[in-house]
Amino acid sequence: QVQLVESGGGLVQAGASLRLSCAASGRTFSSYAMGWFRQAPGKEREFVAGINWSGSDTYYADSVKGRFTISRDNAKNTVYLQMNSLKPEDTAVYYCATGRQLVVAATAYDGWGQGTQVTVSS
């Protein structure tokens, strides 16, 4: 059974940067796509960014394109989300997820972390 542990969240001011990490264990990390999702209070969970098994293909939500970068280190079983130029609307709990393919739909991912809180003040 896969286990995912996120870290790196916190409280920052608008315009600042944060780097989230997600460490995976329990199955062959390099064989699976990884995704980052977020959920703000009162809103549905939404796709943020995804990366395929090798790191050669990435995909971003329009709301974060140009500001966020997803990457992975298969030797360390870790996926990252570099978040720059943060905005108050980026405030949410951020989750990493693992699945067979790089897709937007949360239902396609079968392993989830517990989430890390990101709060951006104006």
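Right above here is the structure, for reference.
The sections below set out a description of the structure shown in this document. Keep in mind the model is a prediction, meaning the values are calculated, not measured. (Residues numbered from 1 in each chain as written. Predicted model: local features only at pLDDT ≥ 70, side-chain atom pairs only at ≥ 80, totals over all residues. Heavy atoms only, no water.)

### Notes on the state of the cysteines
Tallied over the entire structure, the rule returns one disulfide. A disulfide bridge connects C22 with C96, and the sulfur atoms are separated by 1.9 Å. The disulfide joining C22 to C96 has a torsion of about 45° about its S-S bond and is therefore right-handed. Linking C22 in strand 3 (residues 18-25) with C96 in strand 9 (residues 92-99), this pair joins segments that are 74 residues apart in sequence. Accessibility assignment for this pair places C22 and C96 in one class, buried. (Disulfide = S-S within 2.5 Å. Helix = DSSP H or I, 4+ residues; strand = E, 2+ residues; numbered from the N terminus. Buried < 20%, exposed > 50% of the residue type's maximum accessible area, 1.4 Å probe, protein only.)

### Points about the pattern of salt bridges
Taken as a whole and judged by the stated rule, the model has five salt bridges. For E46, the salt bridge is made with R38, and the minimal N-O distance between the two is 2.6 Å. Look at R38 and you get buried, because its relative accessible area is 6%. Put simply, R38, E46, R67 and D90 are held in one network by salt bridges that share partners. (Salt bridge = Lys/Arg side-chain N within 4 Å of Asp/Glu carboxyl O.)

### Quick notes on the pairing of strand 11 (residues 116-121)
Side chains T116, V118 and V120 project from strand 11 onto a buried face, and the interleaved Q117, T119 and S121 project onto a face without burial. By the bridge criterion, four bridges tie strand 2 (residues 10-13) to strand 11 in an arrangement that is parallel. Paired with L11 across the two strands is T119, which belongs to strand 11. Relative to strand 11, strand 9 runs antiparallel, the two sharing three bridges. Considered in strand 11, the bridge of A92 is made with V118. (Pairing = 2+ DSSP bridges.)

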